[in-house]
Amino acid sequence: MYEIVKAEKLTPDVIKLEIRAPHIAKKARAGMFIMVTPDEHGERIPLTMADFSPEKGTVTIAALEVGKTTKELGKMKAGDSVFSLVGPLGLPTHLKQYGNVVSIGGGIGLALM
């Protein structure tokens with residue numbers, strides 16, 4: 001079980017959860033994701049880490065509440081626990097030194113940026 005440290009509604013249908021997961025936060029890199037299962041009978045879904053803090057031992061996810069599982073996550077509050085987190089998964093974003101870079105995008109999927 002992974003404790004939710006902070007739960008926040010960014011918009012009526014977008015949530016942000018900061019979850020205590022020191023072993024994941026320690027290995028996380030920009031562009032990686034985690035598999036989240038809200039409860040023992042829930043569906044396992046992939047979510048991009050919007051942020052991570054090895055110092056605090058937390059990972060942060062943001063999700064648009066559109067399906068059953070993301071709506072379940074949206075009901076969770078600080079002090080609740082997520083049943084399972086697996087990760088970090090995927091390959092980190094490969095960055096090259098080009099000088100100043102501007103990124104433009106929209107939507108909840110911007111966590112990768």
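In case you missed it, the structure is sitting above this.
Residues numbered from 1 in each chain as written. Predicted model: local features only at pLDDT ≥ 70, side-chain atom pairs only at ≥ 80, totals over all residues. Heavy atoms only, no water.

Caption draft 1: Spotlight on the nonpolar core. With 22 residues, the main nonpolar core has Ile19, Ile34, Val36, Val59, Leu73 and Leu85 as its most contacted residues. Going through the elements one at a time, strand S1 (2–11), strand S2 (14–20), helix H1 (22–27), strand S3 (33–37), strand S4 (45–53) and strand S5 (58–64) are the ones with two or more residues in this core. Discounting chain neighbours no more than four positions away, the residues touching Val36 are Glu43, Arg44, Ile45, Leu47, Ile61, Leu73, Val82, Ser84 and Leu85. (Core = buried A, V, L, I, M, F, W, Y, C linked by side-chain atoms within 4.5 Å. Buried < 20%, exposed > 50% of the residue type's maximum accessible area, 1.4 Å probe, protein only. Helix = DSSP H or I, 4+ residues; strand = E, 2+ residues; numbered from the N terminus. Contact = heavy atoms within 4.5 Å.)

Caption draft 2: A look at the pattern of salt bridges. In this structure the tally under the stated criterion is five salt bridges. A salt bridge links Arg20 to Glu3, with the nearest nitrogen and oxygen atoms 3.6 Å apart. Here the residue Arg20 occupies a position in strand S2, and Glu3 occupies one in strand S1, the gap between them amounting to 17 residues. On the accessibility criterion, Arg20 (36% relative accessible area) is partly exposed. Taking relative accessible area as the criterion, Glu3 reaches 36% and is therefore assigned partly exposed. (Salt bridge = Lys/Arg side-chain N within 4 Å of Asp/Glu carboxyl O.)

Caption draft 3: View of the sheet that holds S1. Taken together, the seven strands give an open sheet; going across it, the order is S6-S1-S2-S5-S4-S3-S7, and neighbouring strands pair in antiparallel fashion. The two strands at the open ends of the sheet, each matched to only one other strand, are strand S6 (81–82) and strand S7 (84–89). Pairing of S2 with S5, which is carried by seven bridges, proceeds in the antiparallel orientation. Each bridged residue has a counterpart across the sheet, and for Leu17 the counterpart in S5 is Ile61. (Pairing = 2+ DSSP bridges.)

Caption draft 4: Representation of the environment of Ser81. Following the sequence through the fold, Ser81 ends up in strand S6. When the C-alpha positions of Ser81 and Tyr98 are compared, they lie 41 Å apart, and in sequence the two are 17 residues distant. Setting aside its immediate chain neighbours within four residues, Ser81 contacts Met1, Tyr2, Glu3, Ile4, Pro38 and Met76.

Caption draft 5: Spotlight on the environment of Met32. Looking at the element boundaries, Met32 is found in the loop between H1 and S3. Residue Met32 is classed as buried on the basis of its relative accessible area of 9%. Residues Met32 and Leu85, spaced 53 residues apart in sequence, show a C-alpha to C-alpha distance of 13 Å. Beyond its immediate chain neighbours, meaning those up to four positions away, Met32 contacts Lys27, Thr48, Met49, Pro88, Leu89, Gly90, Leu91 and Pro92.

Caption draft 6: Broad picture of the side chain of Thr70. Its location among the elements puts Thr70 in helix H2 (residues 68–74). Look at Thr70 and you get buried, because its relative accessible area is 10%. In this structure the side chain of Thr70 is engaged in a polar contact, spanning 3.3 Å, whose partner is the backbone oxygen of Leu64. Of the polar contacts made by the side chain of Thr70, one reaches the backbone nitrogen of Val66; its length is 3.1 Å. Here Thr70 is in contact with Ile15, Ile45, Ala63, Leu64 and Glu65, once residues within four sequence places are set aside. (Polar contact = N/O pair within 3.5 Å; in protein donor to acceptor, adjacent residues only side chain to side chain.)

Caption draft 7: Looking closely at the pairing of S3. Of all five residues in S3, four are buried, a share of seventy percent or more. In terms of strand pairing, S3 meets S7 through four bridges, oriented antiparallel. Residue pairing for S7: Met35 is matched across the bridge by Val86.

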